[in-house]
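Given next are the chains, with one letter for each unit.
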Amino acid sequence: MTVKVNRFKCGYCGACVGVCPPGALELIETWIEVDKTCTDCGICVRICPVGALEVQK
Amino acid sequence: MKDRYDVIVVGAGPGGSMTAKTAANAGLDVLLIEKRQQIGDPVRCAEGVNKVYLKEYIQPDPAWISAEVKGSKIYAPDGAMVEMSEKLAGAEVGYVLERKVFDRALVRDAALAGAEVMVKTRATGLLMEDGFVKGIKAQHMGEKYNIRSDIVVGADGVESKVGRWAGIDTTLKPKDISTCAQYIMTDIDIDTDFCEFYVGNKIAPLGYIWVFPKGNNMANVGIGITGHMSGEVRAKELLDDFVQKRYPGGKVIEFIVGGVPVCGTIERTVANGLMLVGDAARQSDPVTGGGIFNSMWAGDIAGKVAANAIKHSDVSAGFLQEYETKWRAGLGRDLDMSLVVKERFTRLTDDELNTLAHSLEGIDLGSVTLIGLLWALFKANKKLLWDLRSIFKGIKEIEMEASVEVNS
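Residues numbered from 1 in each chain as written. Chains lettered and ligands numbered in written order. Predicted model: local features only at pLDDT ≥ 70, side-chain atom pairs only at ≥ 80, totals over all residues. Heavy atoms only, no water.

### A few points about the pattern of salt bridges
Scanning the entire structure with this criterion turns up 24 salt bridges over all chains. Across the pair Asp150 of chain B and Arg4 of chain B runs a salt bridge, and its minimum N-O distance is 2.8 Å. Here Arg4 of chain B lies in strand β1 (residues 4–10) and Asp150 of chain B lies in strand β11 (residues 143–154), a separation of 146 residues in the sequence. The partly exposed category is assigned to Asp150 of chain B, whose relative accessible area is 25%. A network of salt bridges, in which partner residues are shared, links Glu26 of chain A together with Arg122 and Lys161 of chain B. (Salt bridge = Lys/Arg side-chain N within 4 Å of Asp/Glu carboxyl O. Helix = DSSP H or I, 4+ residues; strand = E, 2+ residues; numbered from the N terminus. Buried < 20%, exposed > 50% of the residue type's maximum accessible area, 1.4 Å probe, protein only.)

### Observations concerning the sheet that holds strand β6 (residues 81–85) of chain B
Strand pairing in a sheet relies on backbone hydrogen bonds, with the paired strands running either antiparallel or parallel. Residue and element names in this part refer to chain B. Ordered in space as β6-β5-β13-β14-β15-β12-β16, the seven strands form an open sheet in which the pairing is mixed. One side of each edge strand has no neighbouring strand; the edge strands of this open sheet are β6 and β16 (251–261). Each neighbouring strand pair of the sheet contributes to a mean axis angle of 15°, computed without reference to strand direction. In this structure, strand β13 (residues 194–199) lies alongside strand β14 (residues 208–213), joined through four bridges in antiparallel fashion. When the bridges of β14 are listed, Phe197 appears paired with Trp210. Running at roughly 35° to strand β12 (residues 177–186), helix α6 (residues 235–246) makes contact with β12, β13, β14, β15 (219–226) and β16 of the sheet. (Pairing = 2+ DSSP bridges. Axes fitted to C-alpha atoms, helices over the stretch in contact; angles between N-to-C directions. Contact = heavy atoms within 4.5 Å.)

### Here we look at empty space enclosed by the protein
In this structure the tally under the stated criterion is three cavities of 30 Å³ or more. If you add up the space inside the largest cavity, you get close to 670 Å³. Lining the largest cavity are 45 residues, with Gly13, Arg44, Ala155, Asp156 and Gly157 of chain B positioned closest to its centre. Approximately 100 Å³ is the volume attributed to the second largest cavity. Taken together, 15 residues line the second largest cavity, and the ones lying closest to its centre are Cys10, Gly11, Cys13, Cys16 and Cys48 of chain A. Across the lining of the second largest cavity, the residue classes tally to 13 nonpolar, two polar and no charged. (1 Å grid on protein atoms, 1.4 Å probe; cavity = no way out; pocket = protein on both sides within 12 Å on 5 of 7 lines; lining within 4 Å. Points joined across faces, edges and corners; volume = space filled by probe spheres on them. Nonpolar A, V, L, I, M, F, W, Y, C, P; charged D, E, K, R; others polar.)

### So, the interface of chain B and chain A
Taken residue by residue, the interface counts 31 residues in chain B and 25 residues in chain A. Interface of chain B and chain A: buried area, both sides summed, is about 2200 Å²; carbon and sulfur atoms make up 54% of it. On the chain B side of the interface with chain A, the three residues burying the most area are Lys161, Arg234 and Val257 of chain B, jointly 24% of the side's total. Linking chain B with chain A are three salt bridges. The partner of Glu29 of chain A in a salt bridge is Lys120 of chain B, with the nearest N and O atoms 2.8 Å apart. The interface formed by chain B and chain A contains 16 residue pairs in polar contact (both at pLDDT 80 or more). Taken together, the elements giving at least two residues each to the side of chain B that touches chain A come down to β9 (121–129), β12, α6 and β16 of chain B. Examining the composition of the side of chain B that touches chain A, we find that four residues originate from one element, β16 of chain B, more than from any other. (Buried area = accessible area lost by both parts, 1.4 Å probe. Polar contact = N/O pair within 3.5 Å; in protein donor to acceptor, adjacent residues only side chain to side chain.)

### As for the nonpolar core
If you look at the biggest cluster of nonpolar residues, it comprises 51 residues, and the most contacted ones within it are Ile151, Met275 and Tyr323 of chain B. At the level of secondary structure, the elements contributing two or more residues to this core comprise β1, α1 (14–25), β2 (30–33), β7 (95–97), α4 (99–112), β11, α7 (292–311) and α8 (317–345) of chain B. Considering each element in turn, this core owes the most residues, twelve residues, to α7 of chain B. If we skip the residues at most four places from it in the chain, Tyr323 of chain B touches Thr269, Val270, Met275, Leu276, Val277, Gln283, Ala298, Ile301, Ala302 and Val305 of chain B. Core analysis: the second largest hydrophobic core is formed by 47 residues, Leu25 and Val50 of chain A together with Ala235 and Tyr247 of chain B among them. (Core = buried A, V, L, I, M, F, W, Y, C linked by side-chain atoms within 4.5 Å.)

### Topic: the environment of Ser316 of chain B
All names here are of chain B. Mapping Ser316 onto the fold places it in the loop between α7 and α8. For the pair Ser316 and Asn272, spaced 44 residues apart in sequence, the C-alpha to C-alpha distance is 4.3 Å. Once you skip the residues sitting within four places of it in the chain, Ser316 turns out to touch Phe132 and Asn272.

### Structural notes on the packing of aromatic side chains
All names here are of chain B. Under the criterion given, the structure shown has 15 aromatic pairs over all chains. Ring geometry for Trp64 against Tyr95: centres 6.4 Å apart, planes inclined by 80°, an arrangement best described as edge-to-face. In this pair, Trp64 is assigned in the loop between α2 (51–54) and β4 (65–68) and Tyr95 in strand β7, connecting sequence segments 31 residues apart. Classification of Trp64 as buried rests on a relative accessible area of 1%. Residue classification places Tyr95 among the buried residues on the basis of a relative accessible area of 4%. For the pair Trp375 and Phe392, a centre-to-centre distance of 5.0 Å together with 70° between the ring planes defines the contact as edge-to-face. Of this pair, Trp375 sits in helix α10 (residues 370–380) while Phe392 sits in the loop between α10 and α11 (397–405), placing them 17 residues apart in sequence. For the pair Trp375 and Phe392, a shared accessibility class is recorded, and that class is buried. Joined through ring pairs, the aromatic side chains of Tyr75, Tyr198, Phe242 and Tyr247 make up one cluster. Across the ring face of Phe194, the terminal group of Lys73 is positioned such that the distance to the ring centre comes to 4.4 Å. The ring of Phe255 has Lys236 sitting right over it, with the charged end atom 5.7 Å from the ring centre. (Phe/Tyr/Trp six-rings, centres within 6.5 Å; stacked < 30°, edge-to-face > 60°. Lys NZ or Arg CZ within 6 Å of the ring centre and 35° of its normal.)

### Quick word on the sheet that holds β4 of chain B
All names here are of chain B. In spatial order, the strands read β3-β7-β4; together these three strands make up an open sheet with antiparallel pairing. Every other strand in the sheet has two partners, leaving β3 (48–49) and β4 as the edge strands with one partner each. Relative to β7, β3 runs antiparallel, the two sharing two bridges. Bridging across to β7, Val49 finds its partner in Tyr95.

### Some points on the packing of α1 of chain B against α7 of chain B
Residues and elements named next belong to chain B. Packing of α1 against α7 brings their axes to within 7 Å, and their N-to-C directions diverge by 30°. Considered as vectors, α1 and α7 are oriented roughly parallel to each other. As α1 runs across α7, the sense of the crossing is right-handed. Every residue of α7 that contacts α1 at Pro14, Gly15, Met18, Thr19, Thr22 and Ala23 is listed here: Ile292, Ser295, Met296, Gly299, Asp300, Ala302, Gly303 and Lys304. (Parallel < 35°, antiparallel > 145°, perpendicular 65-115°, else oblique. Left-handed = near helix turned anticlockwise from the far one by under 90°.)

Shape descriptors only; they carry no functional weight alone.
Now the structure itself:
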């Protein structure tokens, strides 16, 4: 269970990091990393301004 | 880099740089870190700022002023326009900045005041001892470092982790974040004297589109929509729709996305050995999303309080409460008022937005204050805007009337 980040779409703005309830996302310079605490809630997927995130079952 | 400082500031945006500058000017040993390789890039916002307020903190320099505007024009869904002069709109506009240059100028000021600056340096955690923040864990060029300090200031933006690490829940709900996309466009015909705002549930659900002139047929054209409206449609798609209709021949020379906290004040912004500043403290305005000046203003206070705390050898949350009290006294009411306005305005239909715009026809808004504008709207649309009544409490009716009539 995690979210997949399409690095070719991502504008590395960090909006997803700000809404992640468990704090599983991190913006590192110009890319997003997802750690194991991701609960698959999909909030980040919803708010991403470009649609770069996808829940991966 | 040393292994110990008086203050470590995480994040070199306007809030962090101001904190570092003020603290360094007060004689503190300050480290300012920025995780990116460059200061101010990618840009984080639409770049409008009140020039009168700004002058208190930095000498205006043509190098970072893209344009000076006289005011704002707000367009309702049916095209009805409400024009506001600079004094009224001034809370957010006046200068349209070149943020890349502006942010760098602020960091330079901090550095010249004596702060040490490190780029490509990321905080990965806090050093905690006996319930006190005692510094940061950092990463630079792949190497890990522990850097100690008496105070850590989290100015790490919308994606802030510093507060969370210290036990302050800064997580934004979807309705508490504005999800944004913006283009720098050129070869377009724009009104260089005004910032334009377009509202409507179709074009920008629970948000707005902005067009900020940047001189020479250029503009910052962007959109912010409230997070819970995003998903089926997204900020970028809606911006593309607008741009295709409004500027079909325009050329995009820069694309930026971002998130802006629009939640209003959070429960607390201090802990033992820690203060939060700017977007990290959710100090941006819930209606406009504007936060450049708020961050700088709060950062200046944080820098002064840091100096005072270290002088008294007391960095407890109790002592740092001075920061919390001061910024809330100056900014809290504005943010609370904006939140009330946001809650009401985001529930208006397009027809109701049109009604509001038309209700101001014939009223000269030459130089009303924001509260005066809201009062004028309230008076003409009491039923529609009844929820706003609380924000007028404690403000004399005469003051509001006077502020509307000054130029009429």
